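# Fold and geometry: a report
What follows is the residue order along each chain.
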Amino acid sequence: MILILHTNGMHHIGVRCCSCSSETDTFDKRLLLHRLYPATPLSPSTCFSFASMDDFRLHNLECRVVEHSYMKMIRRATNPFSPHRTKVSRFTQLFTNLK
């Protein structure tokens with residue numbers, strides 16, 4: 001299971017690698033081909049979609065939205081009735097590193 005942050009919330013998705021590609025393709029490279037940015041290059045369990053990174057950049061540049069506020073918006077999109085139950089600690093640190 002991989003935790004993916006997208007513009008419409010956070011999603012746990014099961015991912016399996018196809019064995020038909022070349023051996024030089026690593027899991028992180030395959031994620032990049034599918035427009036997912038892995039948090040770590042070795043056995044990633046958390047990813048950002050490229051769309052979410054573009055969305056955050058646009059919000060940050062035009063509306064001066066900081067990481068914390070963007071994550072609050074993603075939490076609300078993930079669980080509109082109880083956003084406080086959505087755990088975001090991994091993403092907050094990663095957003096800080098992406099700047």
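Residues numbered from 1 in each chain as written. Predicted model: local features only at pLDDT ≥ 70, side-chain atom pairs only at ≥ 80, totals over all residues. Heavy atoms only, no water.

Per the stated rule, a full pass over the model turns up one aromatic pair. Ring centres of Phe56 and Tyr70 lie 5.3 Å apart, and the angle between their planes is 65°; this geometry places the pair in the edge-to-face category. In this pair, Phe56 is assigned in helix H2 (residues 50-63) and Tyr70 in helix H3 (residues 67-78), connecting sequence segments 14 residues apart. Residue classification places Phe56 among the buried positions, given a relative accessible area of 8%. Owing to a relative accessible area of 0%, Tyr70 belongs among the buried residues under this scheme. (Phe/Tyr/Trp six-rings, centres within 6.5 Å; stacked < 30°, edge-to-face > 60°. Helix = DSSP H or I, 4+ residues; strand = E, 2+ residues; numbered from the N terminus. Buried < 20%, exposed > 50% of the residue type's maximum accessible area, 1.4 Å probe, protein only.)

This brings us to the nonpolar core. If you look at the biggest cluster of nonpolar residues, it comprises nine residues: Leu3, Leu5, Met10, Phe48, Phe56, Val65, Tyr70, Met71 and Ile74. Of all the elements in the fold, those that place two or more residues in this core are strand E1 (2-6) and H3. With three residues, H3 is the single largest residue contributor to this core. Residues Ile2, Leu31, Leu36 and Cys47 belong to the second largest nonpolar core, which totals five residues. (Core = buried A, V, L, I, M, F, W, Y, C linked by side-chain atoms within 4.5 Å.)

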